[in-house]
Amino acid sequence: MKKRFIAMILAVVLFALGFSCFFYTPSSQRAPNVYYFGFFETFICVIAYAGFLYLIAGIPFSIIIDWLIRKLNRGSKWRKYFWGLGMYSLAGAIVGALFIIFGGNGNIHWKGMLLFALPGVIASNLYFHLLLLISWKYKGLSKVGA
């Protein structure tokens, strides 16, 4: 469980950095008399929303997905990896789509759902790969002390 929380914290920070960089509008490109979120404001907002979603939906989905992979798939590491990649992507898309459904104003369009599903897929895959990296490093570190 410790690895999941470490991966979650790293994923939230990296996702917020990437999101803030992508949606930042430089001063030279801003329209006059229009308020733009600064980089830090966007970063803090994304940390709050993404952190909440990772904690409430991401960790439980991660536990379920990892349990399913162990139960259903006894194949090679690559097969397990691709099953995990697919399931984490699907979970991220579902959470992103549900975010717009429950957080929207009642006007739900497929384009809007896809726009929120894509960041969900990116966030879930970021978490998945960080969890794999941490698990791999953690396994290597535990052998060093043995």
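Provided above is the structure to which this section pertains.
Residues numbered from 1 in each chain as written. Predicted model: local features only at pLDDT ≥ 70, side-chain atom pairs only at ≥ 80, totals over all residues. Heavy atoms only, no water.

Asks: Can you walk me through the overall build of the protein in this structure?
Replies: If you tally the helices and strands in the protein, you get 4 helices and 0 strands. Written out in order from the N terminus, the α and β elements of the protein read α-α-α-α. Counting only residues that meet the buried cut, the protein has 29% of its 146 residues in that class. Partitioning the intrachain contacts of the protein with sequence separation of at least 6 by distance along the chain shows that 70% fall at a separation of at least 24. (Helix = DSSP H or I, 4+ residues; strand = E, 2+ residues; numbered from the N terminus. Buried < 20%, exposed > 50% of the residue type's maximum accessible area, 1.4 Å probe, protein only. Contact = heavy atoms within 4.5 Å.)

Asks: In this structure, what is going on with the nonpolar core? I would like to understand it.
Replies: As a rule of thumb, nonpolar side chains are buried together in soluble globular proteins. Counting 22 residues, the largest nonpolar core has A7, M8, F15, Y54, I65, Y88 and Y127 as its most contacted members. Among the elements of the structure, helix 1 (2-23), helix 2 (39-72), helix 3 (77-103) and helix 4 (110-145) are those that each provide at least two residues to this core. For this core, the element with the highest residue contribution is helix 2, accounting for 7 residues. Discounting residues that sit within four places of it in the chain, Y127 has contacts with R4, A7, M8, A11, Y54, I59, S62 and Y88. (Core = buried A, V, L, I, M, F, W, Y, C linked by side-chain atoms within 4.5 Å.)

Asks: Before we go on, may I ask you to explain a positive patch on the surface in this structure?
Replies: A surface patch of positive charge is lined by R70, K71, R74, K77, K80 and K139. Elements with a minimum of two residues in the positive patch: helix 2 and helix 3. Within the secondary structure layout, R70 lies in helix 2. On the basis of relative accessibility, which here comes to 53%, the residue R70 falls in the exposed class. (Patch = residues over 30% accessible without salt bridge, like charges linked within 9 Å, V, L, I, M, F, W, Y side chains within 5 Å. Areas by Shrake-Rupley, 256 points an atom, 1.4 Å probe, with all protein chains shown as cover. Salt bridge = Lys/Arg side-chain N within 4 Å of Asp/Glu carboxyl O. Lys, Arg positive; Asp, Glu negative; His and termini not counted. Charge placed at Lys NZ, Arg CZ, Asp CG, Glu CD.)

Asks: What exactly am I supposed to notice about the packing of aromatic side chains here?
Replies: To describe a pair of aromatic rings, one takes the distance between the centres and the angle between the planes. Here the structure, examined in full by the defined rule, presents 12 aromatic pairs. Note on Y54 and Y127: the rings are 6.1 Å apart at their centroids and 45° apart in plane angle, and the pair reads as tilted. Of this pair, Y54 sits in helix 2 while Y127 sits in helix 4, and the two are 73 residues apart along the sequence. Here Y54 matches Y127 in class, with each residue buried. Seen from their ring centres, Y81 and F128 are 5.7 Å apart, and the 25° between their planes marks the pair as stacked. With a gap of 47 residues between them, Y81 in helix 3 and F128 in helix 4 connect regions that are remote in the sequence. For Y81, a relative accessible area of 22% puts it in the partly exposed group. (Phe/Tyr/Trp six-rings, centres within 6.5 Å; stacked < 30°, edge-to-face > 60°.)

Asks: For this particular structure, what's the right way to read the side chain of T42?
Replies: As for its placement among the helices and strands, T42 is situated in helix 2. Among the polar contacts made by the side chain of T42, one reaches the main-chain carbonyl oxygen of G38 at a distance of 3.0 Å. Those residues in contact with T42 that lie beyond four places of it in its chain are F19, S20 and F37. (Polar contact = N/O pair within 3.5 Å; in protein donor to acceptor, adjacent residues only side chain to side chain.)

Asks: What's the story with unusual backbone geometry in this structure? I'm lost.
Replies: Excluding glycine, residues mostly have negative phi values, and the peptide bonds linking residues are mostly trans. Even without glycine at this site, N33 takes up a positive phi of about 60°. By secondary structure assignment, the location of N33 is in the loop between helix 1 and helix 2. Assessed through its relative accessible area of 86%, N33 is described here as exposed.

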